[in-house]
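# Working through the structure, step by step
Listed below are the residues making up each chain.
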Amino acid sequence: MKISLLSADVYNRIAAGEVVDRPYSVVKELVENAVDAGAAQITVEIEGGGKKRIRVSDDGGGIAVDDLPRAYAPHATSKLSSADDLFRIATLGFRGEAIASIASVSRMSIVSRTKESGEAYALTCEGGVLGEVKPAAGAQGTVVTADELFYNVPARRKFLKSDAQEEADVTGVMARFVLSRPEISFTYLSDGKVKYRSFGDGLESALAAVYGAGILENCTEIRAEKHGIRLYGFLGNRNFYKPNRTWQSLFVNGRYVVNQTVGAAVTNAYASYLMKRQYPFYVLFLEIPPEAVDVNVHPNKADVRFADNQIVYGCVYSIVSAVLDGNARALEYLAKAPAPLQETVSDGTVIPPAVRYAQPELSAAAPSAPERAPMSYGEAKKQLKFDVSAAGSAEPVFLRPGTAELEVRAPSPAAEDAFEENRRYLREQEAKARQERVEPDTLTYKGELFRTYLLYEAGDCVYMIDQHAAHERILYEALKEKTERRAVVSQPMIVPFVISVNAQEFAFLQKNFNILRDLGFEIEEFGGTSIKISAVPSDLMGMDLESFFGDVLSTMESLRAIRLADLLKDKLATAACKAAVKGGESLTEAEAYALIRRTGGDTGLKCPHGRPAVVTIKKSELEKMFKRIV
Ligand code: ADP
Ligand code: MG
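For the structure given in this document, a descriptive report is provided here. (Residues numbered from 1 in each chain as written. Chains lettered and ligands numbered in written order. Predicted model: local features only at pLDDT ≥ 70, side-chain atom pairs only at ≥ 80, totals over all residues. Heavy atoms only, no water.)

## What to know about the overall build of the protein
Our working definition: Put simply, DSSP H or I for four residues or longer makes a helix, DSSP E for two residues or longer makes a strand, and each gets a number counted from the N terminus. For each residue, the accessible area found with a 1.4 Å probe, counting protein chains only, is set against the maximum for its type, and the residue is called buried under 20%, exposed over 50%, and partly exposed in between. Note on definitions: a residue-residue contact is assigned when non-hydrogen atoms from the two residues lie within 4.5 Å.
For the protein, the helix and strand inventory stands at 21 helices and 27 strands. For the protein, with 630 residues in total, the buried portion stands at 45%. Long-range contacts, defined as pairs at least 24 residues apart, comprise 68% of the intrachain contacts of the protein with a sequence gap of at least 6.

## Overview of the packing of helix H6 (residues 163-180) against helix H16 (residues 503-511)
What counts is decided by this rule: Each axis is a line fitted through C-alpha atoms, taken for helices only over the stretch in contact, and angles between the N-to-C directions span 0 to 180 degrees. Orientation categories follow fixed angle ranges, with anything under 35 degrees roughly parallel, anything over 145 roughly antiparallel, 65 to 115 roughly perpendicular, and all other angles oblique. Should the near helix be turned anticlockwise from the far one by less than a right angle, the crossing is termed left-handed; should it be turned clockwise, right-handed. Under the convention adopted here, Pro, Cys and the residues Ala, Val, Leu, Ile, Met, Phe, Trp and Tyr are nonpolar, Asp, Glu, Lys and Arg are charged, and Gly plus all remaining residues are polar.
Viewed as axis vectors pointing N to C, H6 and H16 meet at an angle of 170°, and their least axial separation amounts to 8 Å. On the basis of the axis angle, H6 is roughly antiparallel to H16. Considering how the two elements wind past one another, H6 and H16 form a crossing that is left-handed. Contacts from Ala 164, Gln 165, Ala 168, Thr 171 and Arg 176 in H6 reach Ala 503, Gln 504, Ala 507 and Gln 510 in H16. Partitioning the contact of H6 with H16 into residue classes produces four nonpolar, four polar and one charged.

## Some thoughts on the sheet that holds strand E25 (residues 522-525)
Which entries qualify depends on this criterion: When DSSP finds at least two bridges between two strands, those strands are taken to pair.
A sheet is described by the order of its strands in space; here three strands give the open sequence E24-E26-E25, paired in antiparallel fashion. Of all strands in the sheet, those with a lone pairing partner are strand E24 (490-500) and E25, marking the two edges. Each strand of the sheet is rotated relative to its neighbour by a mean of 15°, with strand direction disregarded. In terms of strand pairing, E24 meets strand E26 (residues 530-537) through seven bridges, oriented antiparallel. Note on E26: the bridge partner recorded for Pro 492 is Ala 535. The strands that H16 touches are E24, E25 and E26; relative to E26, the one it contacts most, it runs at about 35°. Helix-sheet contacts for helix H18 (residues 545-554) involve E24, E25 and E26, and the interaxial angle to E24 is about 60°.

## Regarding H6
We count it as follows: Here the expected length of a helix is defined as 1.5 Å per residue gap, with one fewer gap than residues.
The end-to-end C-alpha separation of H6 is 26 Å, in line with the 26 Å expected for 18 residues at 1.5 Å each. Extensive coverage of H6 is indicated by the burial of 15 of its 18 residues.

## Considerations on the environment of Gln 510
When you line up the elements, Gln 510 lands in helix H16. A relative accessible area of 23% places Gln 510 in the partly exposed class. C-alpha separation for the pair Gln 510 and Gln 165, spaced 345 residues apart in sequence, amounts to 9.3 Å. For Gln 510, the contacting residues outside a window of four places in its chain are Ala 164 and Glu 525.

## Here we look at a nonpolar patch on the surface
Spelled out, the test is: Each patch is built from residues that are more than 30% exposed by relative accessible area and take part in no salt bridge. Like charges join if they lie within 9 Å; nonpolar side chains (Val, Leu, Ile, Met, Phe, Trp, Tyr) join within 5 Å. For the accessible areas, the method is Shrake-Rupley and the probe is 1.4 Å, while residue cover comes only from the protein chains on display. A carboxyl oxygen of Asp or Glu within 4 Å of a side-chain nitrogen of Lys or Arg is what we treat as a salt bridge.
A cluster of nonpolar side chains, contributed by Leu 449, Phe 450 and Tyr 453, occupies part of the molecular surface with about 320 Å² of accessible area. Relative to the elements of secondary structure, Phe 450 occurs in the loop between strand E21 (444-449) and strand E22 (453-458). Classification of Phe 450 by relative accessible area gives exposed; the value is 70%.

## Comments concerning the sheet that holds strand E27 (residues 614-618)
Strands belonging to one sheet form pairs held by backbone hydrogen bonds; the direction of such a pair is parallel or antiparallel. With antiparallel pairing, the four strands of this open sheet are ordered in space as E21-E22-E23-E27. Each having just a single partner strand, E21 and E27 make up the two edges of the open sheet. Neighbouring strand axes in the sheet, compared pairwise and without regard to direction, differ in orientation by 25° on average. Those strands touched by helix H20 (residues 589-598) are E21, E22 and strand E23 (461-466), and its axis lies near 70° from that of E22.

## A word on unusual backbone geometry
For Glu 148, which is not a glycine, the phi torsion comes out positive at approximately 50°. Within the secondary structure, Glu 148 sits in the loop between strand E7 (141-147) and helix H5 (154-157).

## Remarks on the nonpolar core
Stated formally: Residues enter a nonpolar core if they are buried and are Ala, Val, Leu, Ile, Met, Phe, Trp, Tyr or Cys, with the set joined through side-chain atoms within 4.5 Å.
Counting residues in hydrophobic clusters, the biggest one holds 55 residues, and the most contacted among them are Val 27, Leu 30, Val 31, Ile 42, Val 44, Met 174 and Tyr 211. If one sorts the elements of this core by residue count, H6 sits on top with seven residues. Counting residues in hydrophobic clusters, the runner-up holds 36 residues, among them Ala 224, Val 262, Leu 286 and Tyr 313.

## A look at the packing of aromatic side chains
Rules: Between 30 and 60 degrees the pair is tilted, below 30 it is stacked and above 60 it is edge-to-face, where a pair is any two Phe, Tyr or Trp rings, Trp via its six-membered ring, whose centres lie within 6.5 Å.
Applying the stated criterion across every chain yields a total of 12 aromatic pairs. Considering the side-chain rings of Phe 521 and Phe 549, the 5.9 Å spacing of their centres and the 70° angle between planes classify their relative orientation as edge-to-face. Of this pair, Phe 521 sits in the loop between helix H17 (513-518) and E25 while Phe 549 sits in helix H18; the two residues are 28 residues apart in sequence, bridging distant segments of the chain. Classification of Phe 521 as buried rests on a relative accessible area of 2%. Taking the relative accessible area as the measure of exposure, Phe 549 reaches 1% and is therefore buried.

## Considering the pattern of salt bridges
A full pass over the atoms with the stated rule returns 15 salt bridges. The residue Asp 169 makes a salt bridge to Arg 22 at a minimum N-O spacing of 2.4 Å. Here Asp 169 is found in helix H6, whereas its partner Arg 22 is found in the loop between helix H1 (8-19) and helix H2 (23-36), with 147 residues between them in sequence. Of the two residues, Asp 169 and Arg 22, neither departs from the other in class, the shared state being buried. A salt bridge links Arg 107 to Glu 126; the shortest N-O distance between them is 3.0 Å.

## Topic: the environment of Glu 29
Locating Glu 29 in the fold gives a position in helix H2. For Glu 29, a relative accessible area of 11% gives the class buried. Taking the C-alpha atoms as reference points, Glu 29 and Ile 99, separated by 70 residues in sequence, lie 8.1 Å from one another.

## Side note on H20
Condition: By construction, the arc corresponds to the directions joining the helix axis to the C-beta atoms.
Among the residues of H20, those classed as buried are Ala 592, Leu 595 and Ile 596. Buried residues along H20 cover an arc of 95° about the axis, so they all sit on one side. The outward face of H20, more than 90 degrees from its buried face, is lined by the exposed residues Ala 590 and Arg 598. In the segment just after H20, Gly 600 is the residue with positive phi, at about 70°.

Printed below as a string of structure tokens:
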């Protein structure tokens with residue numbers, strides 16, 4: 001056997017799998033380079049979900065003609081010169097491997113012109129093989145194009161997802177760039193259609209570019225500083241919630257991350273305002289001293305490690321909950337209040353804001369907290385023990401000391417289990433019920449109680465039916481049966497229902513269009529990431545589409561375990577519930593007979609949620625009540 005060294009080309013193709021595995025990661029690397037180059041305007045164009053083409057153009061500093069070949073070289077970077085620099089990373093990219101990796105698995109070209117040079121130069125690279133530097137036409141800045149990603153690595157190409165899914169993920173990455181770099185003007189196009197256009201004039205405007213201007217009405221802008229940690233951005237109002245976490249963005253020191261500690265702190269602050277499966281909307285920026293955070297976790301894993309989770313948890317939790325609860329302290333956290341940020345100068349002294357936002361009624365009512373100089377991060381850390389034990393201290397460093405980990409609510413699999421359990425229960429109940437049937441034609445309708453319970457008599461039994469529960473069950477069964485036979489009747493709606501969702505949600509729904517159509521929904525794309533529903537299953541006319549789709553979208557993240565079709569049936573049970581006759585509605589005698597006939601005389605009937613729809617009372621039980629028999 002011979003041990004051979006991997007050629008640089010092979011090494012790069014393997015390594016490319018780490019940094020670059022999908023179009024969105026290519027976009028991320030290229031846009032980061034454009035940002036690092038000091039661009040004010042960045043245009044991102046993708047075709048075929050980025051599989052066919054990714055092009056990033058910027059108006060940044062450009063690459064000098066002599067440096068062009070070096071840009072493609074592995075571990076070549078202009079951003080680090082010594083190992084010491086690693087500790088002071090200001091730029092986004094620093095490993096010098098992105099361009100080399102992408103170039104080894106695509107057909108790439110770079111056209112660039114520096115400010116100093118009057119001319120642009122181009123250099124292509126196909127599957128890692130460099131071409132020649134040639135003069136080209138181009139404005140100041142750089143245009144990097146990566147075509148046919150993984151064209152030379154079929155094994156990796158196979159793992160790319162559908163165009164729509166890849167596009168959705170690129171869109172997710174672009175949303176984060178627009179939000180995290182509000183000073184840069186971004187234009188993002190997919191297959192020639194503009195998806196985002198931001199103007200580089202601030203965070204509020206960036207938020208509107210990503211979510212539509214309407215979002216601003218539902219958010220509160222905050223800008224807070226506590227113990228040397230800065231938290232700013234937009235928090236969805238208390239009654240504004242989303243069906244999943246794709247509406248939450250957190251940036252730590254400028255990087256998008258998904259972080260448990262901060263996530264749990266925000267979620268717990270909202271806990272009393274939102275119900276299960278309702279998720280807050282937020283776009284938050286956390287700035288924390290670089291020495292207290294480790295960003296170099298993994299090139300592709302967007303997480304950070306904090307030196308002290310409790311400080312971060314405590315700060316975020318107390319800021320967000322103060323704002324949500326609307327307490328007096330929140331005033332200093334609101335961005336709209338003209339309170340300048342406390343400034344920490346280089347030697348660590350904190351300069352308190354010169355002007356405090358004054359709102360007479362509120363600040364008068366607030367208990368005057370003892371004056372205390374704001375602490376720096378380091379001081380807060382030192383005083384950790386003191387503050388935790390100082391019960392009743394006016395401004396505890398940690399609202400719930402030591403419980404941060406306990407309070408992390410992992411996305412529990414309980415919902416899925418309960419779902420399966422529920423179904424098993426229903427199946428058992430159904431089996432039992434089949435053995436307890438009464439022939440509907442033998443029943444005599446005797447009237448109603450409280451406009452809710454219908455009374456029927458047969459032989460020596462009285463049957464009481466909960467009209468709502470029974471009707472619900474009937475609708476549900478009919479629908480289930482029809483979907484199984486694929487004979488659903490769609491009922492067109494007079495006014496179509498249009499929902500606007502984000503890119504991930506859009507891709508999810510799109511992937512499941514067929515299942516929804518089988519169920520009787522007429523559903524189609526409606527421009528951008530909007531979806532139009534123009535017909536619903538006829539049994540469910542009048543259903544609450546908004547909450548139905550909210551429920552469907554809330555399952556996006558836990559969907560691996562459940563089949564959407566099953567899940568939709570469950571949702572339809574809920575919808576059936578809403579469409580069924582309610583308690584309190586009087587039925588005519590004919591309707592009462594019709595209802596009992598449609599139950600098939602099943603005395604063990606349950607509503608789709610498992611509550612009984614029929615209660616049987618034997619004559620002998622009545623006789624016992626009246627002590628006729630003992
Ligand atoms: P890194 O960003 O880690 O340095 P890359 O492989 O992403 O490594 O880029 C290599 C080098 O190419 C960069 O250090 C930079 O000098 C140059 N470069 C890449 N893209 C651009 C761009 N859009 N504008 C200017 N220079 C660029
Ligand atoms: Mg880079």
